[in-house]
Amino acid sequence: MDRWVAGQLDSAGSIRLQPGEQKHNSQSSVRLYDGDERTAYDDGTLTVTNYRLVWVETGVSTLTMVLDLALITGVKNIPGNAGFSYIPGLKFSSPKLLVHLQPTNKNHKTHFVKLSFRHTNAPTGLPVFETALNYALDAKEWEKKEMNQQEPTLDNKIGVGLSGIRRDREREIQRGKQTIEGAFDGDLKDLMGKTKQLVALSRHYSDKVSRGEVSASDSREFSQYLQSLGIESPVVRCEKGEGAFHEKLSHELATFIKEPLSRNNDMMLLQDLFCLYNRARGTNLVSPNDMVEACRNLKRLGHPYELHTFASGVKVIQATSQSEEVVANNVLAFVTSSAFSSVSQYAEDKGISLALAREQMLVGERLGLICRDETVEGLRFFPNRFCSG
């Protein structure tokens, strides 16, 4: 913990941000480890900004610890078995982020720390926090801050006056020009890279078609790549009213979700589909409320998809054929074939998220097809022998 330093809160008890600093994401109930050793920093809210990691102890304490992002060299996700009901006396392993740190001249005991996410929403909260942290590490905005701090102020420049002000203005114009050119250059390189990949894939696919060697996997790969290019003419709002817009949006959504659902066993988390759909629409984004309304209309408009809400409140888009009985029987078949199964094993086999896997297994438990066994080794599900006879 010797590379963490004490931080400060403002009068309202919030994190005191530096000039230009912005919050990216925050997660509660986070414990800090020094290497593999548990520390006294047991429960706090961890925030990632574009400059730092900030941990604030839960409660009335003003204890704040700060770690500069410049010291971080890499991040690794360590899965756990948290997120289930807690039984006193039993030990559970919470999901963690392993944060590698730069070695320094000091004789440090370890070169990594662990961030333990102990909240019940950790299976979904940790990936969001990890994405925000990796985004901040890739952006490296602290380097820009350091460069700005190193630039001399106008009072310290040689030739103060009109000539000094003119030179300062010219520098600002030049920096702005370089920033714009860099942005366009980066976007153009990304577009060129996509184009080269698409041309190569098209040639590969055309050659196989001419030889009659097209397999199902090749067709699926080609359609997935075309889908990533986006929706050509997305539905936009018009003067005909909200109802007409949502119906058109439902028809467009039904066409779009066919391929993603087929790759995810006919069921996807609503937030995952929302991100995928808006990415395909480009700049014509839809709001969460419009997305939910369009999903509600799918079944009414005759499409084979529907918006389903689990007992926990988790919303998914699924094929209408995916009734609770079908989901429960699929879970039972997997658990029976494996003798028993954890949520992570089921998620890995089906290629779905932990949150969705947990909801499906809870459906099987609620319908009495499987039963749970919670031990020190974690949560496992077994076939319900009492109901199978």
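Scroll up to find the structure this text is about.
Residues numbered from 1 in each chain as written. Predicted model: local features only at pLDDT ≥ 70, side-chain atom pairs only at ≥ 80, totals over all residues. Heavy atoms only, no water.

Undergrad: Would you explain the nonpolar core in this entry?
TA: The biggest cluster of nonpolar side chains holds 26 residues, and the ones touching the most others in it are W4, L53, L69, I72, L115 and F117. The leading source of residues in this core is helix α1 (residues 122-139), at 6 residues. Not counting the four nearest positions on each side in its chain, I72 is found in contact with L53, L67, V99, H100, L101 and L137. One finds F310, A347, M361 and V363 within the second-largest nonpolar core, a separate group that totals 21 residues. (Core = buried A, V, L, I, M, F, W, Y, C linked by side-chain atoms within 4.5 Å. Buried < 20%, exposed > 50% of the residue type's maximum accessible area, 1.4 Å probe, protein only. Helix = DSSP H or I, 4+ residues; strand = E, 2+ residues; numbered from the N terminus. Contact = heavy atoms within 4.5 Å.)

Undergrad: What am I meant to see in the environment of T58 here?
TA: Tracing the backbone shows T58 in the loop between β5 (52-57) and β6 (64-68). Considered as a pair, T58 and D42 are 16 residues apart in the sequence and their alpha carbons are 9.0 Å apart. When residues no more than four places from it in sequence are discounted, the contact partners of T58 are D43, G44 and T45.

Undergrad: Before we go on, may I ask you to explain the packing of helix α6 (residues 270-281) against helix α7 (residues 288-300) in this structure?
TA: In a pair of packed helices, the angle between the axes and the distance between the axes together describe the arrangement. Packing of α6 against α7 leaves a shortest axis separation of 11 Å and a crossing angle of 110°. Our classification of the angle between α6 and α7 gives roughly perpendicular. Of the residues in α7, those touching α6 at L270, L273, F274 and Y277 are P288, M291, V292 and C295. Per-class residue counts for the contact of α6 with α7 are 8 nonpolar, no polar and no charged. (Axes fitted to C-alpha atoms, helices over the stretch in contact; angles between N-to-C directions. Parallel < 35°, antiparallel > 145°, perpendicular 65-115°, else oblique. Nonpolar A, V, L, I, M, F, W, Y, C, P; charged D, E, K, R; others polar.)

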